[in-house]
Amino acid sequence: MPLIPGNPIDVYVGSRIRLRRLMLGMSQTKLADQLGVTFQQVQKYEKGANRVGASRLQHIADVLKVPISFFFENGGEPEKEGGLGEAQDVAGFVSTKEGMELNRAFFAITDTKVRQSIVALTKSLASSMGGAEDDQRRRSTGDELHADHARGADA
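Positions within a chain are numbered from 1, following the residues in the order the chain's sequence is written. Only residues with pLDDT of at least 70 get local features here, since the model is predicted, and only at 80 or more are side-chain atom pairs given and counted; chain-wide, interface and lining totals rely on the full set of residues. Note that the side-chain values use all heavy atoms of the structure and ignore hydrogens as well as water.

Draft legend 1. Just the packing of helix α2 (residues 28–35) against helix α3 (residues 39–47), in detail. Whenever a helix is involved, its axis is fitted only over the stretch in contact; in every case the axis is a line through C-alpha atoms, and angles between N-to-C directions fall within 0 to 180 degrees. Helix and strand assignments follow DSSP, with helices taken as H or I runs no shorter than four residues and strands as E runs no shorter than two, numbered in order from the N terminus. Packing of α2 against α3 leaves a shortest axis separation of 8 Å and a crossing angle of 105 degrees. On the basis of the axis angle, α2 is roughly perpendicular to α3. Residues Gln28, Thr29, Leu31, Ala32 and Leu35 of α2 pack against Phe39, Val42, Gln43 and Glu46 of α3. By the definition adopted for this analysis, an angle is roughly parallel if under 35 degrees, roughly antiparallel if over 145, roughly perpendicular if from 65 to 115, and oblique otherwise. By definition in these notes, contact holds between two residues if any of their heavy atoms fall within 4.5 Å.

Draft legend 2. Focus on unusual backbone geometry. With a phi angle near 60 degrees, Lys65 is a residue other than glycine that sits in the positive phi range. Looking at where Lys65 falls in the secondary structure, it is placed in the loop between α4 (54–64) and α5 (85–94). Exposed residues in this analysis have more than 50% of their type's maximum accessible area, buried residues have under 20%, and partly exposed residues fall in between, with area computed by a 1.4 Å probe over protein chains only. Looking at Lys65, the relative accessible area reads 67%, which means it is exposed.

Draft legend 3. Expanded view of the pattern of salt bridges. Basic side-chain nitrogens of Lys or Arg form a salt bridge, by our definition, when they fall within 4 Å of a carboxyl oxygen of Asp or Glu. On inspection of all chains with the given rule, the structure shows 3 salt bridges. Put simply, Glu46 and Arg18 hold a salt bridge, and the shortest N to O gap is 3.8 Å. Of the two residues, Glu46 sits in helix α3 while Arg18 sits in helix α1 (residues 8–23), which places them 28 residues apart along the sequence. Exposure remark for Glu46: the relative accessible area of 6% places this residue in the buried category.

Structure follows, in structure tokens:
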């Protein structure tokens with residue numbers, strides 16, 4: 001019997017649960033213990049294989065210390081072109097060792113200007129290493145400065 005993919009909204013909400021859990025450095029087992037379910041159940045929630053009921057979602061939000069609206073950014077609708085879009089990308093990155101280290105180090109920086117400088121540096125590095133896909137994304141977001149940099153116009 002073929003595996004039937006979950007409802008896109010259930011998958012999206014699950015990816016947001018995973019994202020927040022990873023942001024807190026919490027294991028699936030610890031979240032499961034606090035919810036009174038098995039870690040396998042948490043896995044199913046995070047993959048969107050099992051739908052999260054309203055009262056369970058409220059409990060998850062309380063444990064993860066976020067409002068329920070956190071799980072429905074973009075109105076709960078996944079981005080159309082990229083499937084789960086940015087939430088899945090971020091969750092995937094944060095689940096890596098480098099992602100966790102970078103996330104923790106960045107949040108330890110309290111100076112807003114330093115944080116903004118790091119973001120600008122990271123964008124610059126990414127655009128200088130990117131290809132045509134990055135140029136297309138920059139054009140669609142109107143980020144002319146980074147597009148010019150990528151084309152070498154500021155050299």
